[in-house]
Amino acid sequence: MKLIRHGLPGAEQPGLIDASGTPRDLSGVLADIAPATLGPDSMARLAALDPLTLPPVPSGTRLGPCVGQVGNVIGIGLNYADHAAEAGLKVPGQPIVFNKHVSAINGPNDEVWLPPGSRKLDWEVELGVVIGQRAFHVGEDQALSHVAGYCLLNDVSERAHQIEYEGQWVKGKSYPTHCPLGPWLVTPDELGDPQDVALWLEVNGQRRQNGSTRTMVFGVATLVSYLSRFMALQPGDVIATGTPPGVGMGHQPPLYLKAGDVMTLGGRGLGEQRQLVVDSPVG
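Each value, and the rule that gives it
- Residues numbered from 1 in each chain as written.
- Predicted model: local features only at pLDDT ≥ 70, side-chain atom pairs only at ≥ 80, totals over all residues.
- Heavy atoms only, no water.
- Salt bridge = Lys/Arg side-chain N within 4 Å of Asp/Glu carboxyl O.
- Helix = DSSP H or I, 4+ residues; strand = E, 2+ residues; numbered from the N terminus.
- Buried < 20%, exposed > 50% of the residue type's maximum accessible area, 1.4 Å probe, protein only.
- Phe/Tyr/Trp six-rings, centres within 6.5 Å; stacked < 30°, edge-to-face > 60°.
- Arc of directions from axis to C-beta.

Draft legend 1. Quick look at the pattern of salt bridges. Taken as a whole and judged by the stated rule, the model has 16 salt bridges. Notably, a salt bridge pairs E164 with K120, separated by 2.4 Å at the nearest N-O pair. Of this pair, E164 sits in helix α4 (residues 159–164) while K120 sits in the loop between β7 (112–114) and β8 (121–122); the two residues are 44 residues apart in sequence, bridging distant segments of the chain. A relative accessible area of 22% places K120 in the partly exposed class. Each of the salt bridges in this network shares a partner with another, and the network as a whole consists of K100, D122, E124, D155, R159 and K173.

Draft legend 2. Representation of the packing of aromatic side chains. Under the defined criterion, the tally for this structure stands at two aromatic pairs. The interplanar angle of 55 degrees and the centroid separation of 5.4 Å between the aromatic rings of F98 and W169 together place this pair among those described as tilted. Here W169 lies in the loop between α4 and β12 (179–180) and F98 lies in strand β5 (residues 96–100), a separation of 71 residues in the sequence. Judged by its relative accessible area of 27%, W169 is partly exposed. Between Y226 and F230, the ring centres sit 4.9 Å apart and the planes meet at 65 degrees, which makes this aromatic pair edge-to-face.

Draft legend 3. Region of the structure containing helix α1 (residues 40–47). Inspection of α1 places S42, M43 and L46 among the buried residues, and these make up the whole buried set. The arc enclosing the buried residues of α1, seen along the axis, measures out at 95 degrees, which places them on a common side. Facing away from the buried surface of α1 by more than 90 degrees, the exposed residues are D41, R45 and A47.

Take a look at the structure:
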């Protein structure tokens, strides 16, 4: 299945994409694509529906973040060997873990805000992992059974805030609109192997990132198991699993986003996003 949320910001309704690519409304079946509906029983009931019995979503309706009521966005840094190489950094021996504030979550095609005075706004196409069942001290062999599905994620990052300011990376990762999710949440059975997903990103029509989850240092099962040693992952938590090479910071000279730039990105089975960069309405 490909599950969506559609409608105005803060008032999204659940839906799905049928076999012909038509968005269908699920609001008569469940309240939302959210923690309470991401467990295996709920997902099985959705999979048993005939999509053609559901009303179509009106053409042009906005798509919101593909998961609602997210409690935590957990980022993994330097998780692609080729990305670490372009950054001139050693491949980590253990996952580098950071957080993005949940207020950064945005729809897949919503505008991305350039913070006041921002000089180093960067892009990062990523595979997002959405937890469906509580995961606490789970082994790698059981880790993927705790995953509800996968989505496309743009880990938009203000590098000056992330690297040049004292403290943790979270300051450069959490500005509003800096975590577009979607267009859909694809279930594991439909995506197939999460370690065989091609990812790409373009800025103003020029390809900047080309990569594959095959070059991840730590795969999805390892990440879920590892994180569950330090926290109890909850339904609706999102793991941003890292980015392949080609980020703006890695170019020589570096390339950064400015107002008016357009990012487009996609991945096998994950759909595509499109974001216009605009000046933040604050400041």
